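Per-entry structural report
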Amino acid sequence: MKQFFRSILGTRVRKVTAIASAIAVALTLTTVSVASAHSFSQHRTTASAASTQWNDWKKHHRYSASKPTTEPAPPPSATATPAPTPTKTSTPAPTKSPSPTPSSTPTTSPTTDPNAGSGAWPDASNTGVPAGVTLTPSGGMTITTAGTVVSGLDINGDVLVRAANVTIENSKVHGRIDTSDNGGAPNTMIKRVEIIGPYNGAKDSGSPAVGYTGFTCDGCVIHGWGKGFGLVKDVTIKNSWVYDIVVYGDPANGGSHNEAILSLGGTNLTVTNNRLDAGDAPNVSASLALYSQMAAFNNVLVQGNLFDGGGYCVYAGLGGSYGASNTRFIGNTFGDKYDKKCGGYGPAIAYATGNGNQWAGNVLQSSGATVATPGRG
């Protein structure tokens, strides 16, 4: 009897060993394929909360933005009285009112912008602090009063927003703007602000210049950081310019991975009429990288942007296991600053058809040819 069970057990062990070996080979091949296709590590979690996924994201990217050691005094031009976002006379009046920040449970996708992609790409004339504005020096700050307006400051340090309906306008920030990852600073408006990095990729700790939830950045300019924007939920980026992405090291051996805009999954994201220049360093993954590695994408509009740089200029919502729905890429221009294909490998990849997703009117700047619907990658 013992011999019989030994025989049965031995057969089963050999079968399990063979199966395990086959699975190991398959996983190895899959890992190599994914790493080669995306040049970005796969990090997955079953958590659905935005705060949980972004905490994981921050850990991966060695996030180290910290609060000031002391609570700064209110800046001279800041007020705690709630106020609507002022209309600037130095910028052309829009032809329609800006769309409101999407609610956390929208019933429709973001509204398309008829002016996006008109060819008037953002540059030094229409981003950052308007000409004629005098700036007052200030230290970094943590904003905890709802409705605070910060205007006309030259801020040396991070700005941490921890209250609703805050406006930051007509200012320079030599640091990051952080609106939290837990929805604690809804309806933050950042308008005509320049966000300047250290121009040292080893010192920016892999975190974006501006992130993460509940904000609009209109007419912003970001340079000198390894990543421009980091998006999770309820974010609008429009009429803005990202350039001078700073990289360091060998991306295959602990060096940086860089993007002008990065999201690892999110809801209610609008990216319209921006110039996203990620550069041509081998560390640059994409100008716009939407990887569904932490959560699915839903209700995303990418319209009228100019992309330049990356292995592919755009990763369009896959690149992970969670997928995308109601994610639209409309009327974007894939630039030829570094390659006539926009990216070294091509214009775009990681797109899923169906589920309300849309790919329409996207063109190559080099030839005017339509960019075909990308594959899944």
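Up top is the structure.
Throughout what follows, the structure given in this document is the object of discussion. Model, not experiment: these values are computed from the prediction.

Within the structure shown, the criterion is met by five salt bridges. Aspartate 178 is paired through a salt bridge with arginine 162; the nearest N and O atoms lie 3.6 Å apart. Pair noted here: aspartate 178 is in strand E5 (residues 177-178) and arginine 162 is in the loop between strand E3 (153-161) and strand E4 (167-173), with a separation of 16 residues, a long-range link. Assessed through its relative accessible area of 5%, aspartate 178 is described here as buried. Of the residues examined, arginine 162 reaches a relative accessible area of 31% and is grouped as partly exposed.

Right, let's talk about the pairing of E3 for a bit. Of all nine residues in E3, seven are buried; the element is thus mostly enclosed. In the sheet, strand E1 (residues 136-143) pairs with E3 via seven bridges, with the strands oriented parallel. Bridging from a neighbouring strand, proline 137 pairs with aspartate 154 of E3. In terms of strand pairing, E3 meets E4 through two bridges, oriented parallel. The residue of E4 that forms the bridge with isoleucine 155 is valine 173. Pairing geometry for E3 and E5, over two bridges, is parallel. Bridged to valine 159 within E5 is isoleucine 177.

What counts as what
Residues numbered from 1 in each chain as written. Predicted model: local features only at pLDDT ≥ 70, side-chain atom pairs only at ≥ 80, totals over all residues. Heavy atoms only, no water. Salt bridge = Lys/Arg side-chain N within 4 Å of Asp/Glu carboxyl O. Helix = DSSP H or I, 4+ residues; strand = E, 2+ residues; numbered from the N terminus. Buried < 20%, exposed > 50% of the residue type's maximum accessible area, 1.4 Å probe, protein only. Pairing = 2+ DSSP bridges.

Function cannot be read off these values alone, since they describe shape.
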